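Residues per chain, in single letters:
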Amino acid sequence: MKLHELTISQLNNLLRKKETNAVEITKDVLDRIAKTESVLDCYISIVEEKAIERAKNIQNKMERGQLQSHLAGIPMAVKDNICTEGILTTCASKMLSNYVAPYNATVIQNLYDNGAILLGKLNMDEFAMGSSTENSYFKKTRNPWDINRVPGGSSGGSAAAVAAGTAIYALGSDTGGSLRQPASFCGVVGLKPTYGSVSRFGLIGCASSFDQIGPITRDVTDCALVLNALVGKDNKDSTTANIKHIDYAEFLVNNVKGLKIGIPTQFMGDTLNEEVQKAVLEAIEVLKRLGAECEEISLPSMEYVLPTYCTLAFAEASSNLGRYDGIKYGYRAKDYKDLEDLYKRTRDEGFGSEVKRRIILGTYALSAGQYEKYYKKALQVRRIIYDEFNEAFQEYDMILGPTSPDTAFKFGTKIDDPMEMYKNDILTMPANITGLPAITVPCGRDSNNLPIGLQMISKQFGESVLIRAAYTFEQNTEFHKNRPII
Amino acid sequence: MIGRETIDYMADLAKIGLSEKEKLIYAINELFISIQKTVACMDKLKYINTLNIKPLEHIVTAINVFREDKVLKSLDRDIILSNAPEHEHGCYSVPKIVD
């Protein structure tokens, strides 16, 4: 196998045995990028020279015994809404097309401290608003499994790059499913941590009470290794929790005996693609054979997930995106009469149509006369959903179902109907509404050879349960070994 | 049902000037219909009984996260200004605000 096809743990093994080095791995992945990028378009920016220079530096440190981390010497890439000092951070928007971040996000600094090598910034839906990466100002990323189909979104570039071998691992962000859904569409592993586990300092905000950064990797082992570097209290983000440090790699245990799993009927309804349903039912049988106890449960509040998410996430986004006014950074319109006109023209010309749509909707939900009916009401319904999920975890260790109702769709099929696009995330939104951790692992392919994702949700700070269950499923199936042919 | 005037007013409050193209699209209802459909979805919230339910304002359990009142290092001014669309004498340049 080529270096770019290997996992973090496989590469780490070769590095420890001195059968390869950081520069060789980085050059191999850059070579892979050069060969495939014209087709896949995963990247907005590639920092080739910086990456090679850093790889040399990291290799020196490793040889001197100064870096012990599993992530040392491994090239990776991050979604372009995560600030990287001195490097363009655009959120795939015209509004920030020339913005060079003046600081590193905490997650970036953490990865750098572990010896990670940044290859570049990955394509996404503009300001993380979308489920297909078709809303990017710059380009459309293609699904490596079928280049006529979307990679999912909004972390489409991240998922596609990991699937294609143009990054050994990547970071994405997840507001309503934006990390898990593309991971599912591209046949890789994606984890949204518990809200408050991972610092959002340096993550350009979409909906602040929903957003979380997480790893996208080739297998669950890699996911645990990256998660170790991301999780932790950060004084720069007051929403981070003061949780005890856990080594998630300790939970890479092949055992689900006695694990109690609830499967909501609402996750397996009629709107599900038949092949997705079949794959998930087969996955349930695998877990049962391995000793897990699987039962049907009901979560009636699922009916209100979409209106709750649309109201709250769009309201928060409208507030967050109020800062883009053409004054301190980013795009400024050229012709304007006065300050008010500067704001309006800048925001009209700088934002794409989906972003404008969500800002208008969010403003409406927060406006005088509508606030009680929409925003406050949605906060109450959020509590109902939160309580119902947490009550389920009194009895069950995990909730399980498909990650997405369907597999990757063709370009242009949903972009003109926003409501149809939002429905893609109906199964992933609950984890963001409730702040609960959730992981997706590949569990099959449909008749078009497109990956199907299995989603597991656990209680607050229950990532260790997810890692164990996902690892067990992976070790007893072969789906994580599949790679698209490009 | 949300009307066109309300959508116009919300765009105005959010300081988004809808372009001539969007006003044309508006005239053939694309943006208008998509917003109406989403509001219709949001309207489903009214059917759920939330009597005596406290709004969930914070997912996290942390309350009043304070730090010591110390002056800490900030970012370099020139680096910050390097992202500014227009700047002069160490300040952002903006249109005249006060007559």
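Residues numbered from 1 in each chain as written. Chains lettered and ligands numbered in written order. Predicted model: local features only at pLDDT ≥ 70, side-chain atom pairs only at ≥ 80, totals over all residues.

(A) Structural view of the overall build of chain A. The helix and strand inventory of chain A stands at 15 helices and eleven strands. Over its C-alpha trace chain A gives a radius of gyration of 21 Å, about what one expects of a compact globule, namely 23 Å for 486 residues. Seen along its three principal axes, the alpha-carbon backbone of chain A occupies a region of about 65 × 55 × 45 Å. With 486 residues in all, chain A has 61% of them scored as buried. The contacts of chain A with a sequence gap of at least 6 include a subset with a gap of at least 24, amounting to 76%. (Helix = DSSP H or I, 4+ residues; strand = E, 2+ residues; numbered from the N terminus. Rg over C-alpha atoms; globule rule 2.2 N^0.38 Å. Buried ≥ 20, exposed ≤ 12 C-beta atoms within 10 Å, placed from the backbone. Contact = placed C-beta atoms within 7 Å.)

(B) Region of the structure containing the overall build of chain B. Across its full length, chain B holds four helices and two strands. Reading chain B from its N terminus to its C terminus gives the helix and strand order α-α-α-α-β-β. Taking all 99 residues of chain B together, the buried fraction comes to 14%.

(C) Looking closely at the interface of chain A and chain B. Contacts between the two partners involve 55 residues from chain A and, on the opposite side, 42 residues from chain B. Elements with a contribution of two residues or more to the side of chain A that touches chain B: helix 9 (305-320), helix 10 (339-350), helix 11 (353-366), helix 12 (372-395) and helix 13 (418-422) of chain A. When residues in the side of chain A that touches chain B are grouped by element, the largest group, eleven residues, is from helix 12 of chain A. Grouping the amino acids of the side of chain A that touches chain B by side-chain chemistry returns 29 nonpolar, 13 polar and 13 charged. (Nonpolar A, V, L, I, M, F, W, Y, C, P; charged D, E, K, R; others polar.)

(D) Here's a closer look at the sheet that holds strand 7 (residues 260-264) of chain A. All names here are of chain A. Here eleven strands make up an open sheet; going across it, the order is 1-3-2-4-6-5-10-11-9-7-8 and the pairing mixed. In this open sheet, the two strands that pair with only one neighbour each are strand 1 (43-46) and strand 8 (293-297). Neighbour-to-neighbour, the strand axes of the sheet open up by a mean angle of 30°, direction not taken into account. Across three bridges, strand 5 (residues 189-192) lies against strand 10 (residues 438-445) in antiparallel orientation. Within strand 10, the residue paired with glycine 190 across the bridge is threonine 440. Across the sheet, helix 5 (residues 156-164) is in contact with strand 1, strand 2 (75-79), strand 3 (117-122), strand 4 (169-174), strand 5 and strand 6 (212-217); its angle to strand 4 comes to roughly 155°. (Pairing = 2+ DSSP bridges. Axes fitted to C-alpha atoms, helices over the stretch in contact; angles between N-to-C directions.)

(E) Geometry of the nonpolar core. All names here are of chain A. Met76 and Ala170 are the most contacted members of the largest nonpolar core, which has 166 residues in total. Looking at this core, the element that brings in the most residues is helix 9, giving nine residues. Ignoring anything within four residues of it in the chain, the contact list for methionine 76 reads Ala116, Ile117, Leu118, Leu119, Ala167, Ile168, Tyr169 and Ala170. (Core = buried A, V, L, I, M, F, W, Y, C linked by C-beta atoms within 7 Å.)

(F) Seen up close, the packing of helix 2 (residues 22-40) of chain A against helix 3 (residues 48-63) of chain A. Residue and element names in this part refer to chain A. Relative orientation of the contacting elements helix 2 and helix 3 amounts to 155°, with a least axis distance of 8 Å. Classified by the angle their axes make, helix 2 and helix 3 are roughly antiparallel. Crossing angle aside, the handedness with which helix 2 passes helix 3 is right-handed. Every residue of helix 3 that contacts helix 2 at Ala22, Val23, Thr26, Lys27 and Leu30 is listed here: Glu48, Ala51, Ile52, Ala55, Lys56, Ile58, Gln59 and Met62. Looking at side-chain class alone, the contact of helix 2 with helix 3 contains eight nonpolar, two polar and three charged residues. (Parallel < 35°, antiparallel > 145°, perpendicular 65-115°, else oblique. Left-handed = near helix turned anticlockwise from the far one by under 90°.)

(G) Expanded view of unusual backbone geometry. Omega for the peptide link from Gly153(A) to Ser154(A) comes to 10°, which places this bond in the cis form. Relative to the helices and strands, Ser154(A) resides in the loop between strand 3 and helix 5. Positive phi, close to 55°, is recorded for Ala92(A), a residue that is not glycine. As for its position among the elements, Ala92(A) is in the loop between strand 2 and helix 4 (106-113). On the neighbour-count criterion, Ala92(A) (33 C-beta atoms within 10 Å) is buried. Backbone geometry at His89(B) places phi at a positive 50°, although glycine is not the residue there.

(H) Representation of the packing of helix 9 of chain A against helix 11 of chain A. All names here are of chain A. Orientation of helix 9 relative to helix 11, taken along the N-to-C sense of each, is 105°, at an axis distance of 7 Å. Considering the angle they form, helix 9 stands roughly perpendicular to helix 11. Facing helix 9, whose interface residues are Thr311, Phe314, Ala315, Ala317 and Ser318, helix 11 presents Arg358, Ile359, Leu361, Gly362, Thr363, Ala365 and Leu366. Partitioned by chemical class, the residues of the contact of helix 9 with helix 11 number seven nonpolar, four polar and one charged.

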